[in-house]
Amino acid sequence: MKRILQNLILSGGLALTVGCSATGGKSDTFTFTADLPPNFAYVATVTYVPASGQTCSLGKRDNLKPQFNREWRTEYKPNAEIEIRRTSKGCELVLHSVDLDVYAKYGKDRGDFGSDFGKVAVRYELDAHDKGTFNAAGESEFYGQCQWLFRTSGGLRRIVKILDCKDTDAQGRLTRGHPFAAYTLDQLPGKTVRLKIKLADEEEPYMGDTWVKVPGGWKRCMGKGFEDQHAFCYGNHTDFSTFRMPDGRDTCTIYPGCTENKDVTP
């Protein structure tokens, strides 16, 4: 059922339920925070919609999507205080969603990062088994696991990484979709919502049939040559290429250790 709700909300197919209005423009807040692995950060983009019963409409230039941690490289703060209700040009608004971009750095170059996304949806009403719950301390948690997927790029076959984040349950079992939680408006005032992300122990190739698993890591298939950007193996598990690591090492043959064991045969 959670997967069905997630699909509906992410695709915009679940409408706001009529029957509750904003409380006279009152501005209340909740705290969003995240427990992330080292070198990770999140950016939160908050979206509001007219409260139930409002006849106003929102223009594209209205400031309705504030962002937290936009400068995530230099000014990252794990806690974000998010308004649940606000007023813009006399229009009473309610929180609709918190869209999360999860970023992670894997090297020193500015482009050495990966990203994926998650979401917190907010509605007037939800079925009891669809909405998040809070403990006695007023905290709610939802979970995810991120994994690095590696590939090579360019004539030197430099390693680049793609971040892949999936939803999990509290025990760390993978479910489907990206990290996701849903709450009702009346659940959130004064509460804390926490995203907890773990990093998978092992990396995997981004594309199948391009690397061969060997003791100690992976070897990159040569393909037709260094100019062959896809370089599928096609059953050839004897011709391999070197590659360059993000830290500059450029004669690597086994990923991720960048070491060659002469006694190992694939």
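Please read all numbers here as calculations on a predicted model, not as lab measurements.

K.L.:
Just give me the short version of the pattern of salt bridges, but keep the residues and values in it.
P.N.:
What the rule picks out here adds up to 13 salt bridges. Here aspartate 169 ties to arginine 173 by a salt bridge, and the two come within 2.9 Å at their closest N and O atoms. The salt bridge involving aspartate 250 is made with arginine 244; its shortest N-O contact spans 3.4 Å. Arginine 244 sits in the partly exposed class, given a relative accessible area of 27%. Three or more residues joined by partner-sharing salt bridges are found here, namely Asp35, Glu139 and Arg194.

K.L.:
Got a sec to walk through the nonpolar core? Specific residues and values, please.
P.N.:
In terms of nonpolar packing, the biggest core is built from 39 residues, with Phe30, Phe32, Ile82, Leu95, Leu100, Phe142 and Leu188 touching the most fellow members. For this core, the element with the most residues is strand S6 (residues 91-105), which contributes eight residues. Not counting chain neighbours up to four residues away, the residues in contact with leucine 95 comprise Phe30, Val46, Thr47, Tyr48, Ile82, Glu83, Ile84, Val122, Leu185 and Leu188. Grouped together as the second largest cluster of nonpolar side chains are nine residues, Phe150, Ile159, Trp211 and Met245 included.

K.L.:
Residue-level account of unusual backbone geometry, with values.
P.N.:
With an omega of 10°, the peptide bond running from tyrosine 255 to proline 256 counts as cis. Mapped onto the elements of the fold, proline 256 is located in strand S16 (residues 255-256). The backbone of aspartate 209 sits at a positive phi, close to 60°, despite the residue not being glycine. Within the secondary structure, aspartate 209 sits in the loop between strand S12 (204-205) and strand S13 (211-214). Although it is not a glycine, tyrosine 234 adopts a positive phi angle of roughly 50°. Considering the arrangement of structural elements, one finds tyrosine 234 in the loop between strand S14 (217-221) and strand S15 (240-241). Overall, the relative accessible area of 69% leaves tyrosine 234 in the exposed class.

K.L.:
Describe in detail the packing of aromatic side chains, supporting the description with residues and values.
P.N.:
Per the counting criterion, the structure on display carries 14 aromatic pairs. Geometrically, the ring pair formed by phenylalanine 32 and tyrosine 42 is edge-to-face, given 5.2 Å between the ring centres and 80° between the ring planes. Here phenylalanine 32, found in strand S1 (residues 29-35), pairs with tyrosine 42, found in strand S2 (residues 40-50); they are ten residues apart in sequence, far enough to count as distant. Consider the rings of phenylalanine 150 and tyrosine 255, whose centres lie 4.4 Å apart with planes at 40°: the pair is tilted. Remark: tyrosine 255 occurs in strand S16 and phenylalanine 150 occurs in strand S8 (residues 139-153); sequence separation between them is 105 residues. Just as phenylalanine 150 is buried, tyrosine 255 falls in that class too. Taken together through their ring pairs, the aromatic side chains of Phe150, Trp211, Trp218, Phe243 and Tyr255 make up a single cluster. A cation over an aromatic ring shows up here: arginine 86 above the ring of tyrosine 48, its NZ or CZ 5.0 Å from the ring centre. For lysine 191, the ring lying beneath its charged end belongs to phenylalanine 134, and the centroid distance is 4.6 Å.

K.L.:
Tell me about the state of the cysteines, residues and numbers included.
P.N.:
Joining two cysteines, a disulfide is a covalent bond between their sulfur atoms. Taken as a whole, this structure holds four disulfides when the rule is applied. Disulfide pairing is shown between cysteine 56 and cysteine 91; the S-S distance is 1.9 Å. The sign of the 55° torsion about the S-S bond sets the cysteine 56-cysteine 91 disulfide as right-handed. Taken together, the residues cysteine 56 in the loop between S2 and strand S3 (67-68) and cysteine 91 in strand S6 connect sequence positions 35 residues apart. The disulfide bridge from cysteine 252 ends at cysteine 258, spanning 1.8 Å between sulfur atoms.

K.L.:
Residue-level account of the side chain of aspartate 167, with values.
P.N.:
For aspartate 167, the position within the fold is in strand S9 (residues 158-168). With relative accessibility at 1%, the residue aspartate 167 sits in the buried group. Reaching out from aspartate 167, the side chain makes a polar contact with the backbone nitrogen of phenylalanine 180 at a distance of 3.1 Å.

K.L.:
Could you give an account of the pairing of strand S10 (residues 180-184), naming the residues involved and the relevant values?
P.N.:
Looking along a regular strand, one sees the side chains alternate between the two faces of the sheet. Burial runs high along S10: five of the five residues are buried. Burial of the side chains of S10 extends over both faces: Phe180, Ala182 and Thr184 are buried on one face and Ala181 and Tyr183 on the other. The sheet contact formed by strand S7 (residues 113-123) and S10 spans five bridges and is parallel. Looking across to S10, one finds that valine 120 is bridged to alanine 181.

Conventions adopted
- Residues numbered from 1 in each chain as written.
- Predicted model: local features only at pLDDT ≥ 70, side-chain atom pairs only at ≥ 80, totals over all residues.
- Heavy atoms only, no water.
- Salt bridge = Lys/Arg side-chain N within 4 Å of Asp/Glu carboxyl O.
- Buried < 20%, exposed > 50% of the residue type's maximum accessible area, 1.4 Å probe, protein only.
- Core = buried A, V, L, I, M, F, W, Y, C linked by side-chain atoms within 4.5 Å.
- Helix = DSSP H or I, 4+ residues; strand = E, 2+ residues; numbered from the N terminus.
- Contact = heavy atoms within 4.5 Å.
- Phe/Tyr/Trp six-rings, centres within 6.5 Å; stacked < 30°, edge-to-face > 60°.
- Lys NZ or Arg CZ within 6 Å of the ring centre and 35° of its normal.
- Disulfide = S-S within 2.5 Å.
- Polar contact = N/O pair within 3.5 Å; in protein donor to acceptor, adjacent residues only side chain to side chain.
- Pairing = 2+ DSSP bridges.

Honestly, it's all geometry; don't read function into it.
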